[in-house]
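# Summary of the model geometry
Chain residues, written in single-letter form:
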Amino acid sequence: MIDKKIMKIFTIFSLHLYLLPAVIWAEDFPPAQNLSSGTTLFAKIRSEGMVYVDKTAFIEKILQFSQPPFILLTRPRGFGKTTFVDTLYEFFSGNKALFDDTYIAKQIPGNWTKYPIIRLNFSFIRPINSDADIDRYREDLADRLRSIGKEHGLDPASRRYSYIDLLIEDLKRKYGQPVIVLIDEYDEIFKKVNPKDPKLFSQFMKVAIAFFHIVISQSDNLELVFITGISRLSMSDGIDGMRYGVPYMCIEDMTFNKKFSSAMGFTLDEIKSNYGPSLQRWATHDGVSTSTVIQNLTHWYDGYRFSLEDNETRVFNPISVINTFMNLKIDKYWAKSVKIDTEIERTMKMSEKKMDEFFHCKVKAKDLESLYDNEFSFEVPPAILLHNYGYLTIRKYNQSSGTVILSYPNEEIKSLMT
């Protein structure tokens, strides 16, 4: 009997010893941060206390342009373009409460001006394969414009608001303020038309470009036009000196401007200052130091450079960083979420080059900064196409020779391309 009691006590004691390390580990394991995976809405991120990397200093840079500025800023998929556009939307809507403790809130005290806003995302465009599809595009765009008019209390039944210029004029008249126009994924409008049909392509281009002509013609009624996308397309309509529907010199192309080199994506300092608990959580999970996980993160996801002049600023891919913190392991998160486009694969076949041949390639800086009528044509060097889509980045720039070395930004892309 005594032996059984001793045995029972010993068993319980042994079980406690077995579970003790797990209990201690659980108590020391940092709680997960509220990460913003799955949403691009600035208001949701802020109101629900998700981690927000403050990019509002770039709003101040935008405000410093002469009025009204027409700004283009392109980046690869998954770098925060839509969230940045949404941030602009909330800022110009005067929703100051969402910006507590941000850079811009400290720079602009008092009440903020509320502007009427027209916001468009051209991902709604359906494929254009016929003349009937062009007519359908016109109706889809008109429906969206009338919907925006309805949001502002204008008559949704009025055909007047099927036209962007009339909508801009009436919004300014109603609010007594110039209008903000925010256009996300502008280049989708030019990717949905069948490039194998030159006649249809030319016909649709004239229709699509007319929209931008009309927007810019309203400059007296505008405060800002901000355009984002992946590709840098000229949208040339055959009019000498005309780009994006306006004289080319009127466009402020910030894609390679060093002032905006970290406007999208995360710098290492931003990760350290905003995701410290996630770094510690990952390190604790793996039983390594924080410096070790930072090295791993840098090796796999850092390396994107978006300026020829700024040799110092590199940014991480946000999708991969956030998903790594959520799953506590390295993986090809961006590569899985952004499949190589079929058009890029087609371009590679036409170039007769394999993906791994672009590891270290030289291009002319003027070609990298050029605008193209059709990015999937023979006129666009394949390396530049891969750069636009995030598979290559600027590695070196030789100003004297005007040449740029493009290469894989990090291990995630290298493992995808080789």
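Up top is the structure.
Here's a quick rundown of the structure. Owing to the predicted nature of the structure, the values given are computational and were not obtained by experimental measurement.

So, about the overall build of the protein chain. Secondary structure summary: the protein chain contains 18 helices and ten strands in total. By residue count, 50% of the 418 residues in the protein chain fall in the buried class. Residue pairs in contact within the protein chain that sit at least 24 positions apart in sequence constitute 70% of those at least 6 positions apart. Just so you have it, the protein chain exposes about 20,200 Å², and 53% of that area is on carbon and sulfur atoms.

For the rest of this paragraph, the subject is the sheet that holds strand E8 (residues 360-364). With antiparallel pairing, three strands are arranged side by side in an open sheet as E8-E10-E9. What marks the edges here is a single partner per strand, and that holds for E8 and strand E9 (393-398). Strand after strand, the sheet turns through a mean of 30 degrees between neighbouring axes, direction not considered. For E8 and strand E10 (residues 403-407), the ladder comprises five bridges, and the chain directions are antiparallel. Note on E10: the bridge partner recorded for Val363 is Val404.

Looking now at the sheet that holds strand E2 (residues 117-121). Ordered in space as E2-E3-E4-E1-E7, the five strands form an open sheet in which the pairing is parallel. What marks the edges here is a single partner per strand, and that holds for E2 and strand E7 (251-253). Averaged over all pairs of adjacent strands, the angle between their axes in this sheet comes to 15 degrees, without regard to strand direction. Bridge analysis of E2 against strand E3 (residues 179-184) gives five bridges, and the strand direction is parallel. Across the sheet, residue Ile117 finds its bridge partner in E3, namely Ile180.

The subject of this paragraph is the side chain of Ser261. Along the chain, Ser261 turns up in the loop between E7 and helix H10 (268-274). Within polar-contact distance, the side chain of Ser261 engages the backbone oxygen of Lys258 at 3.1 Å. Only 3.1 Å separates the side chain of Ser261 from the side chain of Asp310, close enough to count as a polar contact. Once you skip the residues sitting within four places of it in the chain, Ser261 turns out to touch Arg75, Phe306, Ser307, Asp310, Thr313 and Val315.

The phi dihedral of Asp101 falls on the positive side, at around 70 degrees, and the residue is not glycine. Inspection of the secondary structure assignment puts Asp101 in the loop between helix H4 (81-92) and helix H5 (103-107). For Asp101, a relative accessible area of 70% corresponds to the exposed category.

Attention now goes to the pattern of salt bridges. In total, this model carries 15 salt bridges according to the counting rule given. Residue Asp331 is joined to Lys336 by a salt bridge in which the shortest nitrogen-to-oxygen separation is 2.8 Å. Connected through shared salt-bridge partners, Arg160, Asp170 and Arg173 make up one network.

Analysis parameters
- Residues numbered from 1 in each chain as written.
- Predicted model: local features only at pLDDT ≥ 70, side-chain atom pairs only at ≥ 80, totals over all residues.
- Heavy atoms only, no water.
- Helix = DSSP H or I, 4+ residues; strand = E, 2+ residues; numbered from the N terminus.
- Buried < 20%, exposed > 50% of the residue type's maximum accessible area, 1.4 Å probe, protein only.
- Contact = heavy atoms within 4.5 Å.
- Areas by Shrake-Rupley, 256 points an atom, 1.4 Å probe, with all protein chains shown as cover.
- Pairing = 2+ DSSP bridges.
- Axes fitted to C-alpha atoms, helices over the stretch in contact; angles between N-to-C directions.
- Polar contact = N/O pair within 3.5 Å; in protein donor to acceptor, adjacent residues only side chain to side chain.
- Salt bridge = Lys/Arg side-chain N within 4 Å of Asp/Glu carboxyl O.

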